[in-house]
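Take a look at the letters that make up each chain.
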Amino acid sequence: MTRTRKAAYIATVYAHLAAFHLPFLSDLRDAGFTVHAYAAPDHGRDEVDAAEFTCRDLPFSRNPLAPGNLRAMRELIGWLKRERYDLIHVHTPNASVVCRLAARLAGRPYPKIVYTAHGFHF
């Protein structure tokens, strides 16, 4: 029996995923992946949910020093251990750092973590 391939799309807020990535999430689903979206809840969550992707809320903050990012990392470590993703695609600076640290701390080899930079924050 073949295991279903899984992908995680991760950004600081759902609005980012809704605005830029729904076509790519759909492409992965059409290619046979189960796709989960991770972000902090905002007005974009409804659109991602309406496209029938599993939404997993994390308390990300755009402020890199906010305690919510540490809570998001702890929660994400648990999800990464359970889900065993074949592909993780991260977006937005804070979510990308938190996710890559969580993947390392999850104790599983995650060789397919892709980060897409969207603009430069300087």
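Residues numbered from 1 in each chain as written. Predicted model: local features only at pLDDT ≥ 70, side-chain atom pairs only at ≥ 80, totals over all residues. Heavy atoms only, no water.

Enquirer: It is not clear to me how the environment of Thr92 should be interpreted in this structure. Could you clarify?
Expert: Its place among the elements puts Thr92 in the loop between β4 (87–91) and α5 (93–105). When residues no more than four places from it in sequence are discounted, the contact partners of Thr92 are Ala11, Thr12, His16, Tyr115, Thr116 and His118. A polar side-chain atom of Thr92 sits 2.7 Å from a polar atom in the side chain of Thr12. (Helix = DSSP H or I, 4+ residues; strand = E, 2+ residues; numbered from the N terminus. Contact = heavy atoms within 4.5 Å. Polar contact = N/O pair within 3.5 Å; in protein donor to acceptor, adjacent residues only side chain to side chain.)

Enquirer: I'm lost on unusual backbone geometry in this one. Help?
Expert: Note on backbone geometry: most residues besides glycine have negative phi, and most peptide bonds are trans. Not every positive phi belongs to a glycine, and Glu52 is a case in point at roughly 65°. Take Glu52: it is sitting in the loop between α3 (45–50) and β3 (54–57).

Enquirer: Before we go on, may I ask you to explain the nonpolar core in this structure?
Expert: Counting 22 residues, the largest nonpolar core has Ile10, Tyr38, Phe60, Leu76, Leu80 and Ile88 as the members making the most contacts within it. Of all the elements in the fold, those that place two or more residues in this core are β1 (6–13), β2 (34–40), α4 (67–83), β4 and α5. Excluding residues within four positions of it along the chain, Phe60 makes contact with Ile10, Ala11, Thr12, Ala39, Ala40, Gly68, Asn69, Ala72, Ala95 and Val98. Core analysis: the second largest hydrophobic core is formed by 16 residues, Tyr9, Ala11, Leu17 and Phe53 among them. (Core = buried A, V, L, I, M, F, W, Y, C linked by side-chain atoms within 4.5 Å. Buried < 20%, exposed > 50% of the residue type's maximum accessible area, 1.4 Å probe, protein only.)

Enquirer: I would appreciate a short explanation of the pattern of salt bridges in the present structure.
Expert: Should the charged atoms of two oppositely charged side chains come close, the side chains can pair. Scanning all chains against the criterion turns up 3 salt bridges. When the shortest N-O distance is used, the salt bridge between Glu83 and Lys6 registers 2.6 Å. Here Lys6 lies in strand β1 and Glu83 lies in helix α4, a separation of 77 residues in the sequence. Per residue, the accessibility class of Glu83 equals that of Lys6, and both read buried. Note that Arg56 is salt-bridged to Glu83, the shortest N-O span being 3.0 Å. With Arg56 in strand β3 and Glu83 in helix α4, this residue pair connects regions lying 27 residues apart in the sequence. For the pair Arg56 and Glu83, a shared accessibility class is recorded, and that class is buried. One network of salt bridges, with partners in common, ties together Lys6, Arg56 and Glu83. (Salt bridge = Lys/Arg side-chain N within 4 Å of Asp/Glu carboxyl O.)

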